[in-house]
Amino acid sequence: MAWPASSRTIGLLGLVSVAIILGGAVAAGLAYTGWSGEPYSPLNHFFSELGEVEVSRLALVFNLGIIVGGIGMGTFVMLL
């Protein structure tokens with residue numbers, strides 16, 4: 001059964017998916033405190049450190065953002 005999707009709907013799916021990923025990353029980045037008590041900096045830390053459960057307080061938010069946004073991006077690419 002095909003889902004009739006307009007180009008506007010597909011475009012919005014892509015934008016919302018990216019917004020979910022960025023929202024989770026920004027939220028986790030603002031709440032991040034490293035092993036030495038330092039705040040998150042993209043110059044000193046890897047992006048994946050935001051999802052490290054032992055260090056990041058909002059690792060669950062980051063990880064869920066990556067999962068949900070990734071599913072949305074995958075669907076976007078398939079519909080594109």
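Data block above holds the structure.
Note that the coordinates shown come from a computational prediction; the quantities given were computed from them, not determined experimentally.

Calculation notes
Residues numbered from 1 in each chain as written. Predicted model: local features only at pLDDT ≥ 70, side-chain atom pairs only at ≥ 80, totals over all residues. Heavy atoms only, no water. Helix = DSSP H or I, 4+ residues; strand = E, 2+ residues; numbered from the N terminus. Expected span 1.5 Å × (residues − 1). Buried < 20%, exposed > 50% of the residue type's maximum accessible area, 1.4 Å probe, protein only. Phe/Tyr/Trp six-rings, centres within 6.5 Å; stacked < 30°, edge-to-face > 60°. Axes fitted to C-alpha atoms, helices over the stretch in contact; angles between N-to-C directions. Parallel < 35°, antiparallel > 145°, perpendicular 65-115°, else oblique. Left-handed = near helix turned anticlockwise from the far one by under 90°. Contact = heavy atoms within 4.5 Å. Nonpolar A, V, L, I, M, F, W, Y, C, P; charged D, E, K, R; others polar.

**Q** What's the story with helix 1 (residues 7-31) in this structure? I'm lost.
**A** In an α-helix, one full turn covers 3.6 residues, which means residues spaced three or four apart are oriented alike. The terminal C-alpha atoms of helix 1 lie 37 Å apart, and with 25 residues this matches the ideal 36 Å at 1.5 Å per residue to within 8%. Buried residues of helix 1: Ile-10, Gly-14, Ser-17, Gly-24, Ala-25, Ala-28, Gly-29 and Ala-31, and no others.

**Q** So what exactly am I meant to see when it comes to the packing of aromatic side chains here?
**A** Two descriptors summarise a pair of aromatic rings, namely the distance from one centre to the other and the angle between the planes of the rings. Scanning all chains against the criterion turns up 2 aromatic pairs. A centroid spacing of 5.7 Å and a plane angle of 80 degrees characterise the contact between Tyr-32 and Tyr-40, whose relative ring orientation is edge-to-face. Each member of the pair Tyr-32 and Tyr-40 is classed as buried.

**Q** Explain the packing of helix 1 against helix 2 (residues 59-79) here, please?
**A** Between two packed helices, the angle of one axis relative to the other and the distance separating the axes together describe the packing. Two elements in contact, helix 1 and helix 2, have axes whose closest approach is 8 Å; the angle formed by their N-to-C orientations is 165 degrees. In terms of axis orientation, helix 1 runs roughly antiparallel to helix 2. In the crossing of helix 1 with helix 2, the sense of the turn from one axis to the other is left-handed. Here Ile-10, Gly-11, Leu-13, Gly-14, Ser-17, Val-18, Ile-20, Ile-21, Gly-24, Ala-25, Ala-27 and Ala-28 of helix 1 come into contact with helix 2, specifically with Val-61, Phe-62, Gly-65, Ile-66, Val-68, Gly-69, Gly-70, Gly-72, Met-73, Thr-75, Phe-76 and Leu-79. When grouped by side-chain class, the residues that make up the contact of helix 1 with helix 2 number 15 nonpolar, 9 polar and no charged.

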